[in-house]
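# Reading the structure
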Protein chains: 2
Amino acid sequence: MNQQYPSVLLEKAVNEFAKLPGIGSKTAMRLVLYLLRQDVQAVESFGYSLITLKHEVKYCSVCHNLSDTDVCSICADAQRDHTVVCVVENIQDVMAIENTRQYKGVYHVLGGVISPMDGIGPSDLQIQSLVERVARGGILEVILALSPTMEGDTTNFYIYRKLEDTGVRITVIARGVAQNDELQYTDEVTLGRSIVNRIAFRGTM
Amino acid sequence: MNQQYPSVLLEKAVNEFAKLPGIGSKTAMRLVLYLLRQDVQAVESFGYSLITLKHEVKYCSVCHNLSDTDVCSICADAQRDHTVVCVVENIQDVMAIENTRQYKGVYHVLGGVISPMDGIGPSDLQIQSLVERVARGGILEVILALSPTMEGDTTNFYIYRKLEDTGVRITVIARGVAQNDELQYTDEVTLGRSIVNRIAFRGTM
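Residues numbered from 1 in each chain as written. Chains lettered and ligands numbered in written order. Predicted model: local features only at pLDDT ≥ 70, side-chain atom pairs only at ≥ 80, totals over all residues. Heavy atoms only, no water.

## Observations regarding the overall build of chain A
Selection rule: The helix and strand labels rest on DSSP assignments: H or I over at least four residues marks a helix, E over at least two residues marks a strand, and numbering proceeds from the N terminus. The globule rule is 2.2 Å times the number of residues to the power 0.38, and the radius of gyration it is compared with is taken over C-alpha atoms. The buried label applies to any residue whose accessible area, calculated with a 1.4 Å probe on protein chains only, is under 20% of its type's maximum; exposed applies above 50%, and partly exposed to all values in between. Contact criterion: two residues are considered in contact whenever any of their non-hydrogen atoms come within 4.5 Å of each other. Throughout, the Shrake-Rupley method with a 1.4 Å probe supplies accessible areas, and for residues the shown protein chains are the sole cover considered.
In terms of regular secondary structure, chain A is built from seven helices and six strands. Mapped in sequence order, the helices and strands of chain A form the string α-α-α-β-β-β-α-β-α-β-α-β-α. The C-alpha radius of gyration computed for chain A amounts to 22 Å, which surpasses the reference 17 Å derived for 205 residues by more than 25%, pointing to a less compact arrangement than a globule. When its C-alpha atoms are laid out on the principal axes, chain A stretches across 65 × 45 × 35 Å. Relative to its full complement of 205 residues, chain A shows a buried share of 40%. Considering only residue pairs separated by 6 or more positions, chain A has 46% of its internal contacts joining residues 24 or more positions apart. Carbon and sulfur atoms make up 52% of the accessible area of chain A, which totals about 12000 Å².

## Examining the layout of surface pockets
Residues and elements named next belong to chain B. What counts here: Using protein atoms alone on a 1 Å grid, points that fit a 1.4 Å probe yet trap it form a cavity, whereas open point sets bounded by protein on both sides within 12 Å along at least five of seven lines form a pocket; residues with an atom within 4 Å of a point count as lining. Grid points are joined across faces, edges and corners, and a volume is the space filled by probe spheres set on the points.
Approximately 950 Å³ is the volume attributed to the largest pocket. Taken together, 26 residues form the lining of the largest pocket, with A174, R175, G176, V177 and S194 sitting closest to its centre. In terms of residues, the lining of the largest pocket owes the most to one element, helix α7 (residues 188-196), which gives five residues.

## Observations regarding helix α4 (residues 91-100) of chain A
Keep this limit in mind: The arc under discussion is defined with respect to the helix axis, by the directions toward the C-beta atoms. Distance and chemistry together define a polar contact, namely a pair of N or O atoms within 3.5 Å, with one atom able to donate a hydrogen and the other to accept it when in protein, and with adjacent residues in sequence counting only for side-chain atoms on both sides.
Looking only at α4(A), the buried set comprises A:I91, A:V94, A:M95 and A:E98. Take α4(A) and look down its axis: the buried residues cluster within an arc of 95°, on one side only. On the buried face of α4(A), the contacting elements are β2 (66-67), β3 (81-88) and β4 (105-109) of chain A together with α2 (25-37) of chain B. One side-chain oxygen of the residue at the start of α4(A) lies 3.2 Å from the amide nitrogen of A:Q92, identifying that residue as A:N90.

## So, the nonpolar core
Cut-off, in case you're wondering: Buried Ala, Val, Leu, Ile, Met, Phe, Trp, Tyr and Cys residues form a nonpolar core when they are joined through side-chain atoms within 4.5 Å.
Counting 44 residues, the largest nonpolar core has A:F17 and B:F17 as the members making the most contacts within it. Among the secondary structure elements, those contributing two or more residues to this core are α1 (8-18), α2 (25-37), α3 (40-56) and α4 of chain A together with α1 (8-18), α2, α3 (40-56) and α4 (91-100) of chain B. Sequence-distant contacts of A:F17, defined by excluding residues within four places in its chain, comprise A:I23, A:A28, A:L31, A:V32, A:L35, A:F46, B:F17, B:L20, B:F46 and B:L50.

## Considerations on the pairing of strand β3 (residues 81-88) of chain B
Note the following rule: When DSSP finds two or more bridges between a pair of strands, those strands are recorded as paired.
By the bridge criterion, five bridges tie β3(B) to strand β4 (residues 105-109) of chain B in an arrangement that is parallel. Directly across from B:V85, in β4(B), lies its bridge partner B:V106.

## What to know about the relation of the copies chain A and chain B
The relation between the two chain copies is a rotation about an axis coupled with a shift along that axis. Which entries qualify depends on this criterion: A least-squares fit on C-alpha atoms brings the copies together, and the residues used are those whose pLDDT is at least 70 in both copies.
For the pair chain A and chain B, the superposition axis carries a translation of 0.0 Å, the fit reaches an RMSD of 0.1 Å, and the rotation angle comes to 180°. On the angle and the small slide along the axis, the relation comes out as a two-fold axis. Within chain A, the C-alpha atom positioned nearest to the axis of rotation is that of A:G47, 2.0 Å from it. Same-surface contact between copies: 100% of interface residues of chain A are shared with the interface of chain B.

## Here we look at the sheet that holds β3(A)
All names here are of chain A. Stated formally: Whenever a helix is involved, its axis is fitted only over the stretch in contact; in every case the axis is a line through C-alpha atoms, and angles between N-to-C directions fall within 0 to 180 degrees.
Judged by pairing direction, the sheet is parallel, and its four strands sit side by side in the order β4-β3-β5-β6 without closing on themselves. The open sheet has two free edges, formed respectively by β4 and β6 (169-172), since each of these has just one partner strand. Each strand of the sheet is rotated relative to its neighbour by a mean of 25°, with strand direction disregarded. Running at roughly 145° to β4, helix α5 (residues 128-135) makes contact with β3, β4 and β5 (141-144) of the sheet.

## Points about unusual backbone geometry
Unlike most non-glycine residues, A:N180 shows phi in positive territory, near 70°. Mapped onto the secondary structure, A:N180 falls in the loop between β6 and α7 (188-196). Taking the relative accessible area as the measure of exposure, A:N180 reaches 72% and is therefore exposed. Notably, B:H64 is not glycine yet its phi reads approximately 70°, a positive angle.

## Overview of the state of the cysteines
All names here are of chain B. So the rule is basically this: Two cysteine sulfur atoms make up a disulfide if the distance between them is within 2.5 Å.
Across all of its chains, the model carries zero disulfides over all chains by this definition. C75 supplies the cysteine sulfur nearest to C63, a cysteine that is in no disulfide, at a spacing of 3.7 Å. Under the relative-accessibility criterion, C75 is labelled buried at 11%.

## Notes on the packing of α3(A) against α1(B)
As a reminder of what qualifies: In this scheme, a crossing is called left-handed if the near helix is turned counterclockwise away from the far one by less than a right angle; it is called right-handed if the turn is clockwise. Each residue is assigned to one class: nonpolar for Ala, Val, Leu, Ile, Met, Phe, Trp, Tyr, Cys and Pro, charged for Asp, Glu, Lys and Arg, and polar for all the others, Gly among them.
At a minimum axis distance of 9 Å, the contact between α3(A) and α1(B) shows a crossing angle of 145°. Between α3(A) and α1(B) the crossing geometry is left-handed. Counted together, A:A42, A:S45, A:F46, A:S49, A:L50, A:T52, A:L53 and A:E56 of α3(A) and B:L9, B:L10, B:K12, B:A13, B:E16 and B:F17 of α1(B) form the full contact between these two elements. Class assignment for the residues of the contact of α3(A) with α1(B) results in eight nonpolar, three polar and three charged.

## Digging into the packing of aromatic side chains
As a reminder of what qualifies: Note on aromatic contacts: the rings of Phe and Tyr and the six-membered ring of Trp form a pair at centre separations within 6.5 Å, being stacked when their planes are under 30 degrees apart, edge-to-face when over 60 apart, and tilted otherwise.
Going through the model one piece at a time under the given rule, you end up with eleven aromatic pairs over all chains. Here A:F46 and B:F46 contribute two aromatic rings whose centre-to-centre distance is 6.4 Å and whose plane-to-plane angle is 40°, an arrangement assigned as tilted. A residue pair is termed interchain when its members come from two chains, as with A:F46 in helix α3 and B:F46 in helix α3. By relative accessible area, A:F46 is classed as buried at 1%. Counting every residue linked through ring pairs, the aromatic cluster contains A:F17, A:F46, B:F17 and B:F46.

Laid out in C-alpha cells, this is it:
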C-alpha cells in the first residue's frame, strides 16, 4: 500500500518506527501519533533516552553484561560468589536469573549462541574471553545456562570442550517439567529426561 | 515484577518505550536492545526524527490535518474540488480515503468524535472551525465520514444541526455490507440497513 503521508516529517518518523522488529506501518503510525499528542518534554525525553543510551552505555569488561560503568554492579559486588560463573546468552537472561533471587554467583554473557544457520560462529561470541577468564584462575564452577535448543546444546558442548581440561567444575541447569505444567501436554523429550534425571525426594520440592 | 536492570540508562530507555500504548516492558526491552545493536547513526536518526517531528510539524490552518507547511498539500492543491469537504475523525482516515483514489475534494479533520464517556465535547474538536469554514462560503457539500459508532453518529447529528440552516448539502458515507463479507456473519443492523438503503443496480457495482 502506497501510503500518502500528509507530512514528510511524519512519514520519516513512522518509517523509523516501522524498522523496529514486530512493528508494522500501522502500529508505527499509531505510536508516532501518540507521541505527537504528548508534550515536547516527553518526546525529547523519549528520543534522548535512546540516543544517550547508545552513546554512553558500556559493556562490563569482566562479564560483558550491559553496564553504566566499566565493571558492572554484579561483578563489582564483593558480597557475590566470584568462584561460580553462570554462562548466559544475553542480558535478559541475567535479569531473569537475578529475579529468581536464587543465584549469588557472577555471570558471563555470550551475546548469543552458536548458530551456523544465522552465520554466528564461536568467534562472534564471548567464548574466548570466558576461556581466558577461567584460565586466570579463581573460578571453581561454570554453570551453563543457555537455551534448551539445538543451538544452545551445540554451544554448551563447544564450551565444555574448551574448558574440560581446566579442572573447573562444569554444570548445566536442570531440564524437566516446569512448575504447574500438565504432564499430558509436556513434550516427550522433556518428560523422558525428567524421569531419567529424577532426584531424591526429601518431602518437599 | 521488580526488574533488576544492569544499567540505569537501559532502564530509562526501556521505561520510555513502555509508556507507549500496547508496548509492555518485555517488548520495550526487546526494542531497546534491538536499537542498541544498530549503529550510532541509526539510533540518532530514530531519536531525532521524533524530536524534529514534534518541534516542526504543523497543523493545516484550513483543514487541521498534519502538515509540513501552514496550508497542507491537499488544501493547497488547485486541482482538487474545494466545494466538497469530507469531515473525518483523524489523519489516518484522511490517508485511508486518499488511498482509495476515489475522492477529489478536500477534508476537515475533527481530531476525534464527541464522547462524553471520554470527556470529549464539541469544543474539544474542530467543529466551530468547520462551521466558520462553511459560513465563509464556496462550499456546496459536506460529507460526514465519521466512524459508524454511537459517538460517530452523535457527532454527525451535532454537525448536522449546526449546518442544516446554511443551505449546504450534507451527506454521509454509505453503510452496508463490506466487500467480500459473508452475509450470514454480518451483524443485523448493518444487513438490515443495507436492505432499507438498497440502490438501483446497473449491471455492475
